[in-house]
Amino acid sequence: MSHLRQFEYVEARSVDEALCALASFEDARLVGGGTVVVPTMKLRLIQPDALVSLRGVEDLSAVEPDGERIRIGAMVTHHRLARSDLVRSRVPMLAAACGRVASPTIRRMGTLGGNVCYGESASDPAPVLLALGAEMTVRGPTGERTISAHDFYVGYYETALERGEILTSVAVPSMSANAKWRYWKWSPRAHEDKPLVGLAVCLEMQEGSCRTARLAVGGVEQTPVLLEAAASALEGKDLTPEVVREAVDAAMSAIDPMEDFQASAAYRREMVGVWVRRVLTGLAWEAA
Amino acid sequence: MNRSVSLIVNGRLEELEIPTHWTLVQLLREGLHLRGTEEGCGEGSCGSCTVLVDGELTRACLFLAVRADGHEVTTVEGLAHDGELSPVQRAFVERGAVQCGFCTPGMVVTVTALLHETDDPTDEEIREFLSGNFCRCGGYPLILAAVKQAARVRRGTAR
């Protein structure tokens with residue numbers, strides 16, 4: 001691995017300062033924990049003339065309740081989210097997914113904001129944010145706007161973030177206290193690897209029947225995606241083996257898996273089927 | 001582009017001028033000639049460059065050196081006191097948990113952080129905690145044994 005090439009380093013003290021810095025270079029990039037930007041620069045995939053650090057911006061490191069939601073500052077690390085009592089009690093599926101990101105050291109460095117802005121499909125938190133209907137808050141030179149997680153992931157390593165904009169926080173709706181949920185990571189090569197299939201499932205059950213279902217998967221398509229057809233197959237039904245089978249079929253036929261050095265499209269589709277079936281079967285047992 | 005930084009490394013104040021594009025592993029190895037911290041993959045996967053920054057586990061190959069300005073860094077060289085190896089280091093030696101030795105500094109620093117958080121980790125917790133530290137010799141069983149011995153010694157329950 002080669003070393004970094006020269007760049008200007010700016011330590012911003014506020015979001016405004018960071019916005020100014022971004023605007024004053026030709027190709028400045030933000031750096032949070034550095035777990036993505038640094039290796040990407042070493043690989044010469046990007047060659048920014050400046051790195052603008054957000055580490056000194058205090059308002060980006062809060063985790064706090066915001067009505068029925070939890071608001072998470074962009075600079076909060078995966079490790080903090082995995083351990084936070086607030087996150088574990090109100091959005092436990094996010095805590096679980098953050099606790100499965102890479103390895104313990106990387107979790108202590110990498111931030112949720114960085115993870116999200118990387119726009120990677122094979123991200124552990126991404127399908128959870130989609131399934132729970134999270135909302136990103138973004139600030140740019142002309143002001144603030146919000147983008148739903150669904151609209152945020154627009155393509156292969158591509159997000160709705162415009163050049164010169166900064167993600168400041170992610171707001172995640174609280175899960176219902178009796179929700180049945182699972183984040184399941186299938187990474188066949190190694191424990192600390194990225195998910196080949198990262199499946200987030202959250203079901204609200206009422207007397208054995210599924211009232212609402214939210215399913216999303218990362219690592220399969222070019223962006224993390226909601227499995228809406230599978231959710232429709234479950235809603236209003238008892239989770240019998242037949243209903244689970246219908247949801248599995250719906251998930252497998254609705255997705256358009258990518259093909260790369262890790263796995264073929266057919267294998268990814270098959271694994272989505274396997275893990276949707278196993279996770280739903282497990283949750284049905286829990287709910288019974 | 002250079003910048004002067006001052007930081008505490010293994011309890012000693014260091015002031016030096018470094019290129020802004022250096023990573024912390026370059027600062028340690030090239031700037032301070034502390035060669036215990038190894039650079040393996042250079043992209044944060046292998047764990048051999050693991051150090052503590054303000055007590056927190058950090059991959060020195062991903063950490064920009066300028067960010068260490070005003071902070072406290074502990075490397076494998078800072079674990080022994082007055083020539084006496086730390087319990088983790090001693091356990092690695094006694095258990096023979098070292099083969100080629102390249103991953104050892106990162107392992108020892110990571111285990112030190114683990115035992116600081118959990119004084120009696122289960123095998124599962126140890127494996128999970130070391131999941132980002134690769135031993136290409138495949139010496140994991142002895143490393144696991146060393147961690148358990150170090151934990152016992154630290155708890156004061158070793159014979």
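Residues numbered from 1 in each chain as written. Chains lettered and ligands numbered in written order. Predicted model: local features only at pLDDT ≥ 70, side-chain atom pairs only at ≥ 80, totals over all residues. Heavy atoms only, no water.

Student: Hey, could you run me through the pairing of strand S4 (residues 56-59) of chain B in this one?
Tutor: Two faces make up the sheet, and in a regular strand the side chains alternate between them. In terms of strand pairing, strand S3 (residues 50-53) of chain B meets S4 of chain B through four bridges, oriented antiparallel. Counted as the bridge partner of valine 51 of chain B is threonine 58 of chain B from S4 of chain B. (Pairing = 2+ DSSP bridges. Helix = DSSP H or I, 4+ residues; strand = E, 2+ residues; numbered from the N terminus.)

Student: Whenever I open this one, the environment of valine 63 of chain A confuses me. Can you help?
Tutor: Residue and element names in this part refer to chain A. Inspection of the secondary structure puts valine 63 in strand S4 (residues 63-66). Valine 63 sits in the partly exposed class, given a relative accessible area of 21%. On a C-alpha basis, the gap between valine 63 and serine 84 in space is 8.5 Å, while along the polypeptide they are 21 residues apart. Residues contacting valine 63, with those up to four places away along its chain left out, are Ile70, Arg71, Ile72, Val76, Arg80, Leu81, Ser84, Leu86 and Val87. (Buried < 20%, exposed > 50% of the residue type's maximum accessible area, 1.4 Å probe, protein only. Contact = heavy atoms within 4.5 Å.)

Student: When you look at the environment of phenylalanine 92 of chain B in this model, what are you seeing that I'm missing?
Tutor: All names here are of chain B. Within the secondary structure, phenylalanine 92 sits in helix H2 (residues 87-94). With a relative accessible area of 3%, phenylalanine 92 lands in the buried category. Sequence separation between phenylalanine 92 and glycine 44 is 48 residues, and the spatial gap between their C-alpha atoms is 23 Å. The contact partners of phenylalanine 92, leaving out residues within four places of it in the chain, are Ala97, Val98, Thr104, Met107, Val108, Val111, Ile143 and Ala146.

Student: Would you mind showing me how to read the sheet that holds strand S5 (residues 69-73) of chain A here?
Tutor: Strand pairing in a sheet relies on backbone hydrogen bonds. The paired strands run either parallel or antiparallel. All names here are of chain A. The strand order across the open sheet formed by five strands is S4-S5-S10-S6-S7, and the pairing between neighbours is antiparallel. The sheet terminates laterally at S4 and strand S7 (143-148), the two strands that pair on one side only. This sheet shows a mean twist of 25° between the axes of neighbouring strands, independent of strand direction. As paired strands, strand S6 (residues 135-140) and strand S10 (residues 166-173) are joined by five bridges and run antiparallel to one another. Of the residues in S10, the one forming a bridge with threonine 137 is serine 169. (Axes fitted to C-alpha atoms, helices over the stretch in contact; angles between N-to-C directions.)

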